[in-house]
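Here is how the chains run, residue by residue.
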Amino acid sequence: MVRLPLSPAEVERGQRLGALLRRARGERSMLLTALAAGVSPETLRKIESGRVATPAFPTIAAIADVLGLSLDAIWSEINQSDGRVELTTSGHTVDQRLAS
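Residues numbered from 1 in each chain as written. Predicted model: local features only at pLDDT ≥ 70, side-chain atom pairs only at ≥ 80, totals over all residues. Heavy atoms only, no water.

## Overview of a nonpolar patch on the surface
Side chains of Leu 31, Leu 32 and Leu 35 sit close together on the surface and give an oily, nonpolar patch of about 310 Å² of accessible area. Secondary-structure assignment places Leu 35 in helix H2 (residues 30–37). (Patch = residues over 30% accessible without salt bridge, like charges linked within 9 Å, V, L, I, M, F, W, Y side chains within 5 Å. Areas by Shrake-Rupley, 256 points an atom, 1.4 Å probe, with all protein chains shown as cover. Salt bridge = Lys/Arg side-chain N within 4 Å of Asp/Glu carboxyl O. Helix = DSSP H or I, 4+ residues; strand = E, 2+ residues; numbered from the N terminus.)

As structure tokens, then:
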């Protein structure tokens, strides 16, 4: 399988995700956090540094659980400045890009 290059917006979103996870982890050990989430410390380090800009959903869900973060909060924060608007209608969220 060939992976397409990430767009600048995806790279930036990955960097925001990494920064958010680093802040949430605070003074906690990277090793203990990673092991509690069931991921390797190297994977957590790569995500926090932005080297893995599009980690798998189960990986982020496990890390978020260990750090006590809501997936909604993560999604909201990492998408805050990539030109998207989230509209809520009838209890459903519709993600829509703004026209440039």
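## What about the environment of Glu 12?
Here Glu 12 shows up in helix H1 (residues 8–25). Relative accessible area serves as the criterion here: at 37%, Glu 12 is assigned to the partly exposed category. For the pair Glu 12 and Ile 78, spaced 66 residues apart in sequence, the C-alpha separation works out to 8.6 Å. (Buried < 20%, exposed > 50% of the residue type's maximum accessible area, 1.4 Å probe, protein only.)

## Digging into helix H3 (residues 41–49)
Burial in H3 covers these residues: Leu 44, Ile 47 and Glu 48. Within H3, the buried residues cover an arc of 95° as seen down the axis, which keeps them to one side. Residues of H3 that are buried sit in contact with H1, H2 and helix H4 (57–67). Following H3 by one or two positions, Gly 50 adopts a phi angle in the positive range, close to 85°. (Arc of directions from axis to C-beta. Contact = heavy atoms within 4.5 Å.)

## Things to note about the confidence of the model for the protein
When pLDDT drops low, the exact placement of atoms in the prediction is not to be read closely. In this model, the protein carries a mean pLDDT of 84, and residues with pLDDT of at least 70 account for 80%. The spread of mean pLDDT over the elements of the protein runs between strand S1 (residues 84–89), the lowest at 40, and H2, the highest at 98. In this model, residues 82–100 is a region of pLDDT below 50 whose contacts with residues beyond four sequence positions or in other chains number 25 contacts. (pLDDT = per-residue confidence, 0-100.)

## Regarding the side chain of Asn 79
In this fold, Asn 79 is placed in the loop between helix H5 (71–78) and S1. Among the residues examined, Asn 79 registers a relative accessible area of 5% and is labelled buried. Only 3.0 Å separates the side chain of Asn 79 from the backbone oxygen of Trp 75, close enough to count as a polar contact. (Polar contact = N/O pair within 3.5 Å; in protein donor to acceptor, adjacent residues only side chain to side chain.)

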